[in-house]
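The lines below spell out each chain.
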Amino acid sequence: MREARRLRQLVRSMTAYGEPESWLDVDAGDGRFAAVARPLLPYTAFDGTGLGEEVERARADGVLDEAYRGTLPLLAGELAGRYDVVGLLHQLGDCPDPVAELAAARRVLRPGGLLLVEAPDPGCRTAGLLGPWCLPHCAARPQPTADSVRELLAGLKFDVLAVDRVAGHVPRTLDALRAAVGLPGARAARGADRLLAPLLRRTGLANAWRIVARRPPLSP
C-alpha cells in the first residue's frame, strides 16, 4: 500500500512534462509499477525488461504491454528510439556498469524523451543514523550519489531537468530501525513510516534521490 502510494505520487510528478505514449520500466519484475501507473496514464503503453520469467508472466497477465528478457544494454539495439520515458527505479546501483546502463537508456529514448532515475542516497542523514540498516546500505553494491549520476548524464549529453533529494524517499526508515534493534511490531513500524514520511522529507532525512533528464530533441 505505501509503495503504491509513493509510485502514484511519482507518476503524477512526471505528468508535469506531458503524457507519454510509451514508457519502459527497466527491471520491471512482476510489473508492479505499470499496474500502479496505468490508471493514471490510461493512454500510455507500459513495457518492461527483466532477467527472470516474472516479466513475461506480467506480459501474459496483461500488466505489461510488452516484455523483453535481458539487460538494457543488450536490448538497446532492438529497442532504439522507441520510448518517451525510460524508468530506472532503484536498480542503477545494482548494475555492473552504470555508465553502460545510462547510455543504453539514452539509446532507447526518442529524441526529447525523458529518463527517470531513482536510487537510495548513500549520503543521506538517515544513513548516518542507521548505518548498515539504512536503505542505501542494504543493497548488494555501493549506491551512486545524485551528483555522480548527474555528471554521468552530462557526459552522455542529457539535459538534467530536476534533481530531487526529497521526493524519492522510500518509507522504510522505522522498519529498518525496528529490525536493527530487534524489536517486534513490523506493522506498527510500517504505519508510522507512512505517517512520518512527510516529516522525514522536510527535515533532510529522505533516504533516496530522484533525477529527471531529457535526451535533447535534436541529438543524434
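Look above for the structure.
The structure contained in this document is the topic of the report that follows. (Residues numbered from 1 in each chain as written. Predicted model: local features only at pLDDT ≥ 70, side-chain atom pairs only at ≥ 80, totals over all residues. Heavy atoms only, no water.)

### A few points about the packing of aromatic side chains
This model, assessed by the stated rule, comprises three aromatic pairs. Between Trp 23 and Phe 33, the ring centres sit 5.2 Å apart and the planes meet at 40°, which makes this aromatic pair tilted. Pair noted here: Trp 23 is in strand E1 (residues 22–25) and Phe 33 is in helix H2 (residues 32–37), with a separation of 10 residues, a long-range link. For the pair Trp 23 and Phe 33, one class covers both residues: buried. With 5.8 Å between their ring centres and 40° between their planes, Trp 23 and Phe 46 make a pair best called tilted. (Phe/Tyr/Trp six-rings, centres within 6.5 Å; stacked < 30°, edge-to-face > 60°. Helix = DSSP H or I, 4+ residues; strand = E, 2+ residues; numbered from the N terminus. Buried < 20%, exposed > 50% of the residue type's maximum accessible area, 1.4 Å probe, protein only.)

### Brief notes about the environment of Leu 10
One can find Leu 10 in helix H1 (residues 2–14). In sequence terms Leu 10 and Arg 210 are 200 residues apart; their C-alpha atoms lie 9.6 Å from each other. Setting aside its immediate chain neighbours within four residues, Leu 10 contacts Phe 33, Leu 89, Leu 116, Glu 118 and Arg 210. (Contact = heavy atoms within 4.5 Å.)

### What to know about the pairing of strand E2 (residues 45–50)
Regular strands place their side chains on alternate faces of the sheet. For E2, the buried fraction is high: five of the six residues fall into the buried class. Examined bridge by bridge, E1 and E2 share four bridges and lie parallel to one another. Across the sheet, Ser 22 pairs through a bridge with Ala 45, a residue of E2. Since E1 and E2 lie parallel, the crossover through H2 that links them has a hand, and here it is right-handed. With four bridges joining them, E2 and strand E3 (residues 66–69) adopt parallel strand pairing. Residue pairing in the sheet places Asp 47 in a bridge with Glu 66 of E3. (Pairing = 2+ DSSP bridges. Right-handed = clockwise from strand over helix to strand, strands pointing away.)

### Brief notes about the pattern of salt bridges
According to the stated counting rule, one finds 10 salt bridges in the structure shown. For Asp 65, the salt bridge goes to Arg 38, with nearest N and O atoms at 3.2 Å. Here Asp 65 is found in the loop between helix H3 (54–60) and E3, whereas its partner Arg 38 is found in the loop between H2 and E2, with 27 residues between them in sequence. Its relative accessible area of 23% is what places Arg 38 among the partly exposed residues. Taking the shortest distance from any N to any O, the salt bridge between Glu 56 and Arg 69 comes out at 3.2 Å. Of the two residues, Glu 56 sits in helix H3 while Arg 69 sits in strand E3, which places them 13 residues apart along the sequence. Looking at Glu 56, the relative accessible area reads 39%, which means it is partly exposed. On the basis of relative accessible area, Arg 69 is assigned to the partly exposed category, the value being 39%. Salt bridges here are not isolated pairs; linked through shared partners, they connect Glu 3, Arg 6, Glu 118 and Arg 210. (Salt bridge = Lys/Arg side-chain N within 4 Å of Asp/Glu carboxyl O.)

### Concerning the packing of helix H4 (residues 72–79) against helix H5 (residues 98–108)
Two numbers describe how H4 lies on H5: the axes approach to 9 Å, and their chain directions differ by 15°. With respect to each other, H4 and H5 are oriented roughly parallel. The element H4 and its partner H5 pack so that their crossing is left-handed. Judged by residue contacts, Leu 72, Pro 73, Ala 76, Gly 77 and Leu 79 of H4 engage Ala 100, Glu 101, Ala 104, Ala 105, Arg 107 and Val 108 from H5. (Axes fitted to C-alpha atoms, helices over the stretch in contact; angles between N-to-C directions. Parallel < 35°, antiparallel > 145°, perpendicular 65-115°, else oblique. Left-handed = near helix turned anticlockwise from the far one by under 90°.)

### As for unusual backbone geometry
Positioned with a positive phi, Asp 27 is a non-glycine residue whose angle comes to about 60°. Tracing the sequence through the fold places Asp 27 in the loop between E1 and H2. Take Asp 27: its relative accessible area is 43%, and that puts it in the partly exposed class. At His 90, a residue that is not glycine, the phi angle is positive and equals roughly 55°. Take His 90: it is sitting in the loop between strand E4 (83–89) and H5.

### With respect to the sheet that holds E4
With mixed pairing, seven strands are arranged side by side in an open sheet as E3-E2-E1-E4-E5-E7-E6. Looking at the sheet topology across the chains shown, the edges are occupied by E3 and strand E6 (159–164). Ignoring which end each strand starts from, the neighbouring axes of this sheet average 15° apart. The strands touched by helix H7 (residues 146–155) are strand E5 (109–120), E6 and strand E7 (208–214); relative to E7, the strand with the most contacts, the crossing angle is about 15°.

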